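# Structure at a glance
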Amino acid sequence: MTAHATRVLVLNSGSSSVKYQLLDMRDSSRLALGLVERIGEQDSRVTHTTLTPEGSEKRERKGPVADHTEALKVVSEELSRDGLGLDSPELLAVGHRVLHGGIELTDPTVVTDEVMATLERLRPLGPLHMPANIAGIRTARELRPDLPQVAVFDTAFHTTMPEYAYRYAIDVETADAHRIRRYGFHGTSHAYVSRRAAELLGRDPAEVNVIVLHLGNGASASAVAGGRCVDTSMGLTPLEGLVMGTRSGDIDPAVTFHLKRVAGMSVDEIDELLNKKSGLVGLCGDNDMREIRRRIDAGDERARLAFDIYIHRLKKYIGAYSAVLGRVDAVVFTAGVGENAAEVREAAVAGLEPLGLAVDAARNTVRSGEARIISPDDARVVVAVVPTDEELEIAQQTFALVGGARTVDA
Ligand code: AMP
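Values in this document were obtained by computation on a predicted structure and should not be read as measured data.

### Digging into the overall build of the protein chain
Looking only at helices and strands, the protein chain features 15 helices and 16 strands. The principal-axis extents of the C-alpha atoms in the protein chain amount to approximately 65 × 55 × 45 Å. Here the protein chain holds 410 residues, and 51% of them are scored as buried. Within the protein chain, contacts between residues at least 6 apart in sequence are counted, and of these 63% link residues at least 24 apart. Just so you have it, the protein chain exposes about 18,500 Å², and 51% of that area is on carbon and sulfur atoms. Computing the positive centroid from 47 side-chain charges and the negative centroid from 59, the protein chain places the two 2 Å apart.

### Details of the sheet that holds strand S14 (residues 372-373)
Pairing between the strands of a sheet comes from backbone hydrogen bonds, and it takes one of two forms, parallel or antiparallel. Strand order in this open sheet of 6 strands is S12-S11-S10-S13-S15-S14, and the pairing throughout is mixed. The two strands at the open ends of the sheet, each matched to only one other strand, are strand S12 (228-232) and S14. With 2 bridges joining them, S14 and strand S15 (residues 382-385) adopt antiparallel strand pairing. Within S15, the position partnered with Arg-372 by the bridge is Val-385.

### Points about the site of the ligand
The immediate surroundings of the ligand are formed by Gly-216, Asn-217, Asn-287, Asp-288, Met-289, Arg-290, Ala-335, Gly-336, Val-337, Asn-340, Ala-341 and Arg-367. Between Asn-217 and the ligand, the recorded distance is 2.9 Å, taken from a backbone N or O atom to an oxygen atom. Between Val-337 and the ligand, the recorded distance is 3.4 Å, taken from a backbone N or O atom to an oxygen atom. Look at the ligand: alone it shows 510 Å² of surface, and the protein chains cover 69% of it. Among the secondary structure elements, those contributing two or more residues to the shell around the ligand are helix H10 (289-297) and helix H12 (335-340). Per-element accounting of the shell around the ligand gives the leading share, 4 residues, to H12. Tallied by class, residues from the shell around the ligand come to 4 nonpolar, 5 polar and 3 charged.

### Topic: the packing of aromatic side chains
Summed over all chains, the structure comprises 1 aromatic pair. Between Tyr-317 and Tyr-321, the aromatic rings sit 5.6 Å apart at their centres with planes inclined by 75°, giving edge-to-face as the arrangement. Taken together, the residues Tyr-317 and Tyr-321, both in helix H11 (residues 301-325) and 4 residues apart, mark about one turn of the helix. In terms of burial, Tyr-317 and Tyr-321 fall into one category: buried. Above the face of the Tyr-166 ring, Arg-181 is positioned so that its terminal group lies 3.7 Å from the ring centre. One Lys or Arg, Arg-293, reaches over the ring of Phe-307 and ends 4.7 Å from the middle of that ring.

Cut-offs applied
Residues numbered from 1 in each chain as written. Predicted model: local features only at pLDDT ≥ 70, side-chain atom pairs only at ≥ 80, totals over all residues. Heavy atoms only, no water. Helix = DSSP H or I, 4+ residues; strand = E, 2+ residues; numbered from the N terminus. Buried < 20%, exposed > 50% of the residue type's maximum accessible area, 1.4 Å probe, protein only. Contact = heavy atoms within 4.5 Å. Areas by Shrake-Rupley, 256 points an atom, 1.4 Å probe, with all protein chains shown as cover. Lys, Arg positive; Asp, Glu negative; His and termini not counted. Charge placed at Lys NZ, Arg CZ, Asp CG, Glu CD. Pairing = 2+ DSSP bridges. Near = heavy atom within 4 Å. Polar contact = N/O pair within 3.5 Å; in protein donor to acceptor, adjacent residues only side chain to side chain. Nonpolar A, V, L, I, M, F, W, Y, C, P; charged D, E, K, R; others polar. Phe/Tyr/Trp six-rings, centres within 6.5 Å; stacked < 30°, edge-to-face > 60°. Lys NZ or Arg CZ within 6 Å of the ring centre and 35° of its normal.

Structure follows, in C-alpha cells:
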C-alpha cells in the first residue's frame, strides 16, 4: 500500500541552541518538539516532548553536545526512540529557519549545492546565526541525502518593501557594493501574524492594513498593506529599530565612532555592547519583562525608566507606521512580551486615541493562548493579540513547496 509522507521536521538552529518540532501536515498537529541548549558547553541539555492525542511525555538528558552537527544527531536519536526519526519513511521534508536570504533567496527554497554556496556568501550578513543555520542544513543533508531540505528565510516576507523604504540614505555605490540595505527579520512571524489578524477581523488579507509588533527578546515592527510588507524596523541586521532585551535598537551611528575614537573601544567590543549589553538589560540589568514589572511595582526607578524608554520607542513606530500605511485596520501584538505583558500593550496604546487606538482594560488583562481582540467594540482600529507560530508557518511553507511530491510504502 502506498501512502503520502506527510510529516515535516522544523529546525530552528540558533547560535547555541537547536529548537525543533515535528508536525503532521494532514492536520498540522504536533507529534514531538524539543530543544537542545548550551551547545558547545559541558552542561548542554536536551529536552524532548512527545505529543499524542492521549497527552504528552517529556524527557530530559544532560551532557556535552559539542556542536550543531552533534545536536542534530541527538535530535534524530530522540525522535527515533518514538519511531519518528530522520530515517522514518513518513518524513516528507525538513524545514529550516534561516536568518538571511539576502536579495537572492526570497522564497522558500529546496536546498541544493548551489543554494549552500549562496548561504555561505551570505554568512557575513548574519555572523551569529548563519553558521548555525548552515551547519543544521548540512548535517540534515548528510543524515538523509534523499530528503528535501527546505530553507525558509527570516528576511523573505520583507522583500516586498519598496526601494524608498529599504534603501538607506547613504552613498548608493558604497551601499550596493557591500549589500547594505534594510532587509528586516522575524519575517515568518510577521507573515503568519498579519494573516491571522485578517482572519480574526473576518476579512481578506489583501484588503487589510496591519501594524505587527513582534515583541520578544528580539523585537521588530512591520507595516503590512494588503498582505505585503511595506516597511519594517530591523535593518541590515536585527540590531535596528525597537528597544529589545539586549539590543539597543535605533541609535545615532555616530555613537559608534565616538565609542571608538573617544572611549577607545574596538569594533568587536562595540558590537558586543550594542547587541548583548544594551536594550533593557543595558538600561536596568534585566531583560525579562516579568522581572522589570516586578521591580517597577517595588518602586525601582531604573526599571521604570527602562520600561518608559521601551514604550516611547514602540509608540514612535506605531505613529510612524500609521503614517506609512495611511489607514490602519489593526495593530497586533505578538511574541513573548506582546502576547503576555498586558501592561506593555496598555502603555503602548495609551494616548494614541487620536489615531483611533484604544484597549479595553478587561479584555487586555484576560490571559489566553488564543488570538483575541482587546480594543473596545466601537474602536476605529482593532487592537489584537495574536500568538505567533513560526514553526507552523515554516512547516506550511515547506509542505506547500514539496508536499505530495513523495510517496512511501506503508
Ligand atoms: P520570545 O523571544 O518571544 O520567546 O520572548 C521572550 C521574552 O518574553 C522574555 O524575555 C520576557 O521578557 C517576555 N515574557 C515571557 N513571558 C512573559 C510574561 N508572562 N509576562 C511578561 N513578559 C513575558
